[in-house]
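Descriptive structure summary
Listed here are the chains, written in short residue letters.
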Amino acid sequence: MTSKILFSDVISALKEHAFKKYDYPLILSFEMHCDLKGQEKVAQILKGTIGDQIYSIPDNNDTFKYFPSPESLKNKFIIKRKGRVKKTSE
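Reference entry: report on the structure contained in this document. (Residues numbered from 1 in each chain as written. Predicted model: local features only at pLDDT ≥ 70, side-chain atom pairs only at ≥ 80, totals over all residues. Heavy atoms only, no water.)

1. Remarks on the overall build of the chain
Looking only at helices and strands, the chain has two helices and three strands in total. Element order for the chain, N to C, with α for helix and β for strand: α-β-α-β-β. A principal-axis box enclosing the C-alpha atoms of the chain has dimensions of 45 × 35 × 25 Å. Residues counted as buried form 18% of the 90 residues belonging to the chain. Of all intrachain contacts in the chain linking residues separated by at least 6 positions in sequence, the fraction that spans at least 24 positions is 71%. Surface exposure of the chain reaches about 7400 Å², of which carbon and sulfur atoms provide 55%. Here the chain contributes 16 positive and 11 negative side-chain charges, whose respective centroids are spaced 2 Å apart. (Helix = DSSP H or I, 4+ residues; strand = E, 2+ residues; numbered from the N terminus. Buried < 20%, exposed > 50% of the residue type's maximum accessible area, 1.4 Å probe, protein only. Contact = heavy atoms within 4.5 Å. Areas by Shrake-Rupley, 256 points an atom, 1.4 Å probe, with all protein chains shown as cover. Lys, Arg positive; Asp, Glu negative; His and termini not counted. Charge placed at Lys NZ, Arg CZ, Asp CG, Glu CD.)

In structure tokens, the structure reads:
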């Protein structure tokens, strides 16, 4: 059994340690099962902690002829997500 760990602590640890040995991009894959308020909190933590290092794959990525090279994405976090934005019930 493991103890609970805060999402913000995980992202802070990634910021501090992710690129110490290799500077190529790190892919963060999120499967969203939380409501809109929770997703907004995740986005807020990401932007506040690693915002300057985020490269987000656009929704229209299937129309791109080429993707950025790993060289051009050094020290960047690539964020991909699965799941749709869920509306909160009023």
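Structure shown, so let's carry the discussion forward.
2. Some remarks on the sheet that holds strand 3 (residues 77-82)
Backbone hydrogen bonds are what pair the strands of a sheet, in a parallel or an antiparallel way. Across the sheet, which stays open at both edges, the three strands sit in the order 1-3-2 with parallel pairing between neighbours. Every other strand in the sheet has two partners, leaving strand 1 (26-31) and strand 2 (54-56) as the edge strands with one partner each. Across this sheet, the average inter-strand angle for adjacent strands is 30°, counted without regard to direction. Bridge analysis of strand 1 against strand 3 gives six bridges, and the strand direction is parallel. Bridge assignment links Leu 26 to a residue of strand 3, and that residue is Phe 77. Along the sheet face, helix 2 (residues 36-50) touches strand 1, strand 2 and strand 3 and points at about 135° away from the line of strand 2. (Pairing = 2+ DSSP bridges. Axes fitted to C-alpha atoms, helices over the stretch in contact; angles between N-to-C directions.)

3. Quick word on the environment of Ser 8
Relative to the elements of secondary structure, Ser 8 occurs in helix 1 (residues 7-17). Separated by 74 residues in the primary sequence, Ser 8 and Lys 82 have C-alpha atoms spaced 20 Å apart.

4. Digging into the packing of helix 1 against helix 2
Relative orientation of the contacting elements helix 1 and helix 2 amounts to 25°, with a least axis distance of 10 Å. Relative to helix 2, helix 1 is oriented roughly parallel. In the packing of helix 1 onto helix 2, the handedness of the crossing is right-handed. Residues Phe 7, Ser 8, Ile 11, Ser 12 and Lys 15 of helix 1 touch helix 2, and the partners they reach there are Val 42, Ile 45, Leu 46, Thr 49 and Ile 50. In the contact of helix 1 with helix 2, the residues fall into six nonpolar, three polar and one charged. (Parallel < 35°, antiparallel > 145°, perpendicular 65-115°, else oblique. Left-handed = near helix turned anticlockwise from the far one by under 90°. Nonpolar A, V, L, I, M, F, W, Y, C, P; charged D, E, K, R; others polar.)

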